[in-house]
Amino acid sequence: MAYEYILTASEDGIGIITLNRPKILNALNLQLVDELVAELERMDRDPDIRVIILTGNDKAFAAGADINEMAEASAIEIMKRDQFAVWDRMSLISKPIIGAVSGFVLGGGCELMMNCDIVIASETAVIGQPEIKLGVMPGAGGTQRLTRAVGLRKAMEMLLTGEPISAKEALRYGLVNRVVPVEAYFQEARKLAKQIAAQPPLAVQVIKKAVHKADDLPLGEGMDYERNGFYLLLASEDRKEGMQAFLEKRKPRFTGN
Ligand code: HXC
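Residues numbered from 1 in each chain as written. Predicted model: local features only at pLDDT ≥ 70, side-chain atom pairs only at ≥ 80, totals over all residues. Heavy atoms only, no water.

### Describing the sheet that holds strand β9 (residues 165-166)
Overall, mixed pairing links the four strands, which are arranged β4-β6-β8-β9 in an open sheet. A single partner strand is all that each edge strand has here, and the edge strands are β4 (60-62) and β9. In this structure, β4 lies alongside strand β6 (residues 104-106), joined through two bridges in parallel fashion. Its bridge partner lying in β6, Ala-62 is registered against Val-105. (Pairing = 2+ DSSP bridges. Helix = DSSP H or I, 4+ residues; strand = E, 2+ residues; numbered from the N terminus.)

See below:
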């Protein structure tokens, strides 16, 4: 499929999506987000892809929603666009998404990063929700996911001042998984993707979903969900293979069945 604002590639079970509007710091216009979600859904269906890496460039993962598209539009026009419906589809992707982020990770860019399951950041990343400085507020999860990720007080400070935090601080608050030099963040994400791509794909997907349920469900319901996932995986071919390989002291060969 031909895209205008993203680049796509795949290798060794890893799908790679690169946001590609470098001149304006990967500002997220409506078309870019449509293309991104279409490709995420395509990769989710592709049996040769087990893990997805989402990245930008060294200078910017994304500096937020495209302000040009918002500046003149009325509230009713923006409501009718229903632009967040496509964002909601991102949370239905069943394969793990690894964010490899560097430079500006702001506004919608931060919200996009928080849609990733694991995040590798470069030391140069600056991460924040500056919407308040534009007279608005986040609309794609900035108040909800950030608060769940970093806690109420830090989220409040970031959202009310609009000031970004450094990659190191983001690491301290658990907003990213690892911080590495800018030369290494993509390779680090690829290494991690390879490791996860070698795991049994059904278990990967069931675990991803169960972990997200921890944010949505009361503990008892989450535990039920987990247990049902556990029973489901016992019925998989890969469970037989995994346990057999352990007993035979060899490496397992997982097929996704
Ligand atoms: C449109 C943007 C943009 C954006 C940067 N640019 N961010 N265009 N939308 N969000 C453009 C600039 O206009 C400029 O274009 C070029 O990118 C380079 O940016 P500069 O400002 O010259 O770079 P610099 O001085 O290094 O400053 C970088 C920056 C600043 C700190 C990131 O650009 C900035 O504050 N950007 C806006 C960040 C922001 O407020 N994001 C939240 C958006 S609201 P020209 O043509 O002049 O070279 C949002 C709501 C989310 O995200 C709702 C859910 C989708």
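### Some thoughts on the nonpolar core
Core analysis: the biggest nonpolar cluster contains 44 residues, and Leu-19, Leu-54, Leu-112, Met-113, Ile-127 and Leu-175 have the highest contact counts within it. Here the element with the most residues in this core is helix α1 (residues 30-45); it accounts for six residues. Excluding residues that lie within four positions of it along the chain, Leu-19 makes contacts with Tyr-5, Ile-6, Asn-26, Leu-28, Leu-32, Leu-36, Leu-54, Thr-55, Gly-56, Phe-61, Ala-62 and Leu-112. One finds Ile-16, Ile-53, Phe-186 and Ala-197 within the second-largest nonpolar core, a separate group that totals 16 residues. (Core = buried A, V, L, I, M, F, W, Y, C linked by side-chain atoms within 4.5 Å. Buried < 20%, exposed > 50% of the residue type's maximum accessible area, 1.4 Å probe, protein only. Contact = heavy atoms within 4.5 Å.)

### Focus on the sheet that holds strand β5 (residues 97-101)
Taking strand neighbours across the sheet as the criterion, the six strands line up as β1-β2-β3-β5-β7-β10 in an open arrangement whose pairing is mixed. The open sheet has two edge strands, β1 (6-11) and β10 (178-180), and neither has a second partner. Within this sheet the neighbouring strands show an average axis-to-axis angle of 20 degrees, counted without direction. Seen against the sheet, helix α9 (residues 185-197) touches β1, β2 (14-19), β3 (51-55), β5, β7 (118-122) and β10 and runs at an angle of roughly 165 degrees to β3. (Axes fitted to C-alpha atoms, helices over the stretch in contact; angles between N-to-C directions.)

### Thoughts on the site of the ligand
Around the ligand lies a shell of 22 residues, among which Ile-24, Ala-63, Ala-65, Ile-67 and Gly-108 are the nearest. Here a nitrogen atom of the ligand and a backbone polar atom of Ala-63 are 2.9 Å apart. Gly-108 has a polar backbone atom sitting 2.8 Å from an oxygen atom of the ligand. Considering the ligand on its own, with 1,000 Å² of exposed area, one finds that the protein chains cover 62% of that surface. Listed by contribution, the elements that provide at least two residues to the shell around the ligand are α2 (67-71), α4 (84-90), β6 and α5 (108-114). Broken down by element, the residue count for the shell around the ligand peaks at three residues, all from α2. (Near = heavy atom within 4 Å. Polar contact = N/O pair within 3.5 Å; in protein donor to acceptor, adjacent residues only side chain to side chain. Areas by Shrake-Rupley, 256 points an atom, 1.4 Å probe, with all protein chains shown as cover.)

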